Structures are given as C-alpha cells and as structure tokens.
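Close look at the chain arrangement
Take a look at the letters that make up each chain.
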Amino acid sequence: MKTLIFVIFSFIAFNVTAQNVLLTEYPNNDTIIPKKGPNLKKFYFVYIGYEAFADNFSDNSANIRNRASGRTSFGFKFKRKITNFWALGYDINMSSSTFSIKQNSQKTFPSVVIHKKERLMIGGLGVQIFTRFNFDRRGNTIGKYLDIGGYINWNYTSQHFTKDFTTPADSSNALTIKTTESQLNYFENYEYGVKASLGSNHFAISATYRISDLIKSKYVIYPELPKLSIGIYLALF
Amino acid sequence: MNGKKSLVARAANMAASKGMLVVNAVGNEGTNRWKKIITPADADSVLSVGGIDPETYYHINFSSYGPSTDWRLKPNVSAYAHVIVATPNNIHETDGTSFSSPLVAGFAACAWQTHPQFNNMQLFKEIEKSASLYPYFDYAHGYGIPQASYFLRKTNIAEKQPTTIIEVIDDFINIKVIVLPPKDALNKYLYFHIQDSKGHLKKYEVIEVSQYDVKTFNISEFEKGDILRVHYLGSTIEKQF
C-alpha cells in the first residue's frame, strides 16, 4: 500500500514539474521511402501450387493416370521491379511430382507387374529465374502479369510405391502389402525446362515444359514421362 | 512527393520560372495515415504553407508534415488554419490549410509592393527570413509565421538577445532558459531540433516551458556533425557536435 501511495505521489509530482511537450516528431522514422511492396522496388512472398501433367494423352506409353498425377510445389519468390511494366525475379521451391501408373495389360513401366495401386514420386529442389511483364497501370498491387522463365531442379529423392492385397482381396484374411523402393536409379538427378505463368494478383495459371529427359538415357526401354504440366498457383501475402 | 513528378508540381515550377510566386497549402493530412505534404506543395519553387492553430499558436494537428521525399524543407512558412469565413447567409468558423495559403499569398502581395525590385524567388527567400522562427525551422512549421514588420522596418527578430543556454556538463547537455511569468509565457514555446550532418532533421520538439531546466540529453544521442538548434522567445542558438 505504501508503495502504491508513493507511486501515485511520484506520478502527480512528475506531472506538476515536468515540461509540457506539445509536439515531437522523428522524421527519420516516418519519411523512409518504402522499397518493399507488391509494386515497389523489391517484393518477395511464398506460394503454393499444383500442376497436373497435361501431355501424353494420345501416346501414353508410360501408362500414366493423368488425373491422379501432378506436381505440388511450395516456394519463395522474389521480384525486382525494373520499370512499371517489367521486372526480374527468382524463385526457390520444393516440389513433389507424383506419377500414378495405370494397371493394365499395356503396362511396361516401371515393370510389367500389375499392382492394386502404383505410383512414382520425385522430390525436387528447384530454382527458377524469370522475367515479368505487367500489362496495366496500377497502384501498389501485383496486377496482371506474364512471367517467362527457365528452371532447374535437383531431384534429391525418388520413390516407387506399390499397394497389393493377398488374394483373394475380398477375403476377411486378406492383407495389404505396401512396398516402397527409394532412390530409383532410372531417374535423372537433374531436370530443366521452361515455365510461363499468367497471373493476376494472388492467383496465377502456369504451364511448365520440361526440356530434359527424366529417364536416364541408358534405360532405353523405359518410356519418357509427361513433359508438360499446367496448373494454378496461389501467392500467400 | 519529390516535387518533380506530379503534373501539378511541374506546372507550379513552370509558373515560378515565368516569374510568379506560387503559394500553396501543404494539405490536411497530419492526422491521416498519409500524414505528409501533398503536391504541389512538394515543388521546390512553391512557397508551401503549413497550418497554425490561432489558439495555441503552434502547429495545428491536421496540417501536413514535411519534408519532401528528397528532404527539402516543407512547409516553408505557416499561417492560421482555423478561420472565420463569410458565407452568403452567415459567418462560420472553419479550418484547413487552404485558409493558411491565401493568408500568405495576400501577405506576399503586400510584401512585394514594399519591395517591387524583388523577383519571385528573392521574395520567396525574404518571406522565409521574415518568419517568426527564422533561422530555426522544422517540418511542422517551416520557418514559422511571416512577419510584416520585417518588410516595413527590416528588423530581424533573430537578432534579439539570447534567452537560452546550451550547457554541457560531463556526458549531459542541458537546455536552460529564462522562465517568464505565467501571464507572459502564454503561447511562448521552446522549439528545438537535432539536425544531422546531411542537413536532415532527426528530431524536433515544441515544448511549453515551465522551468529553468527544459531538456537534458545524453551526449550519446548525438553523432559527429549533428547540430542542436534551439529557438525561444525570438532568438535561436545552436551547438554543433
């Protein structure tokens, strides 16, 4: 209680004797020209995206189930504005490409064995360099744009998943057999390609075309996997 | 807000280059998120006018703050921004720096009549020199309120006797002043700013003085080349570090 009385007394005394500051300004704190923003000098953000493989519809020798195959990615994108209508940037991302294999008599890849389910997964770390063309006059927003760039991916992991049942599958004693084979030696460690995105603010439609082969050249009997993928991206900022 | 980009700022500078004295209000953004001056008050040949509260006699809160983005002094001078205006049916109290600007424009016209040999930019500089705080300045008041006496008698209020002491004791710098009796002290404030070696103000304050020791700084707050400038009762003193 004594402490409280002392504090209150001190506070009153302080207000009585102190100078009355009417105006204080720190111009350095509030006159810094902002350099970071969607339409300012520098801008960076993270994004998520999904692309579905969109080729090999007519010649699907790899027997890919297109609807169940695709690439999910998560990345960091940096953009450096050069003019109001032109910017350069880079993108660092992690991606996971999944190829679901149809189980039918035409199947030859990665083996002729028929499973209940089968898929291949490639995990990659990638870098993309792009140039951005904006179409509209705008305030501090991303606006409408076209990105064109090239990418290179390091495929640091690859896995082959299969799922089977002991026969008969509908038996109450049937067991599920799952196998995982890692570091598949028929996949290339690096891939590269070109990428184009058409976007508006947070959303973008993107098309990626892989120029390099994904299957090592010595595995001549294996068909090449789809090269074109089309998808959507969501910028998180 | 660098005074070069907006069309209206370029037009204002063009008018000034033709010989006109362009006077413009800094805007009423002081309490808004923007807070800063608006164009064409950012143009370097425009005499930008900030707002003063006629009751308190210092910066009225809504008057926009300077400087320009390239750190030029704005506003240049100040004038009342709370006025009584006549309408067709009545009179009203109203406010805005739009009222400060014509007050200074009218003042400039009168001042120019007293010295018709001035060109527009000479008049610009003389109006700044005539102002109540000159040579002190800050980004809320500029050089203060232009004084007609400067043009009529050509006396500079900055030549008055010092009323302030900047005292350095050990690691502390004290600002000490003559304290006026309460009846005389009304609306007589102490202004100080800290200017860095590039000429930019790092900090400025307006203080209502009630005691001999107004302000104490630790010397570590200053860097080499900084200037502490204090204005009180019409005189300005400074200390360079």
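Look a little higher up for the structure.
Just so it is clear, the structure is predicted and the values come from calculations on it, not from any experiment.

So, about the nonpolar core. Of all hydrophobic cores here, the largest spans 55 residues; its most connected members are Leu47(B), Val49(B), Val77(B), Val104(B), Ala108(B) and Leu190(B). For this core, the element with the most residues is strand E8 (residues 189-195) of chain B, which contributes 5 residues. Among the nonpolar cores identified, the runner-up in size contains 11 residues, and Ala62(A), Ile64(A), Phe109(A) and Ile122(A) belong to it.

Right, let's talk about the environment of Glu221(B) for a bit. Residues and elements named next belong to chain B. Along the polypeptide, glutamate 221 turns up in the loop between strand E10 (213-218) and strand E11 (227-232). Looking at glutamate 221, the number of C-beta atoms within 10 Å reads 13, which means it is partly exposed. For the pair formed by glutamate 221 and phenylalanine 172, sequence separation is 49 residues and the distance between their alpha carbons is 9.8 Å.

Turning our attention to the sheet that holds E10(B). Paired through their backbone hydrogen bonds, the strands of a sheet run either parallel or antiparallel. Residue and element names in this part refer to chain B. Read across the sheet, 3 strands follow the order E6-E7-E10 without closing on themselves; strand pairing throughout is antiparallel. Edge positions in the sheet fall to strand E6 (164-169) and E10, since each has one partner strand and no second. Adjacent strand axes in the sheet meet at a mean angle of 20°, parallel and antiparallel pairs treated alike. When E6 meets strand E7 (residues 172-177), the two strands line up antiparallel, connected through 6 bridges. Within E7, the residue paired with valine 168 across the bridge is isoleucine 173.

For the rest of this paragraph, the subject is the interface of chain A and chain B. Contacts between the two partners involve 14 residues from chain A and, on the opposite side, 22 residues from chain B. For the side of chain A that touches chain B, the secondary-structure elements that each account for two or more residues are strand E1 (20-25) and helix H2 (27-30) of chain A. A per-element tally of the side of chain A that touches chain B places E1(A) first, with 6 residues. Looking at the side of chain A that touches chain B, its residues break down into 6 nonpolar, 6 polar and 2 charged. Taken together, the 5 bridges between E1(A) and strand E9 (residues 201-208) of chain B define a ladder with antiparallel strand orientation. Within the sheet, the bridge partner assigned to Leu23(A) lies in E9(B) and is Val206(B).

Cut-offs used in this document
Residues numbered from 1 in each chain as written. Chains lettered and ligands numbered in written order. Predicted model: local features only at pLDDT ≥ 70, side-chain atom pairs only at ≥ 80, totals over all residues. Core = buried A, V, L, I, M, F, W, Y, C linked by C-beta atoms within 7 Å. Buried ≥ 20, exposed ≤ 12 C-beta atoms within 10 Å, placed from the backbone. Helix = DSSP H or I, 4+ residues; strand = E, 2+ residues; numbered from the N terminus. Pairing = 2+ DSSP bridges. Axes fitted to C-alpha atoms, helices over the stretch in contact; angles between N-to-C directions. Contact = placed C-beta atoms within 7 Å. Nonpolar A, V, L, I, M, F, W, Y, C, P; charged D, E, K, R; others polar.

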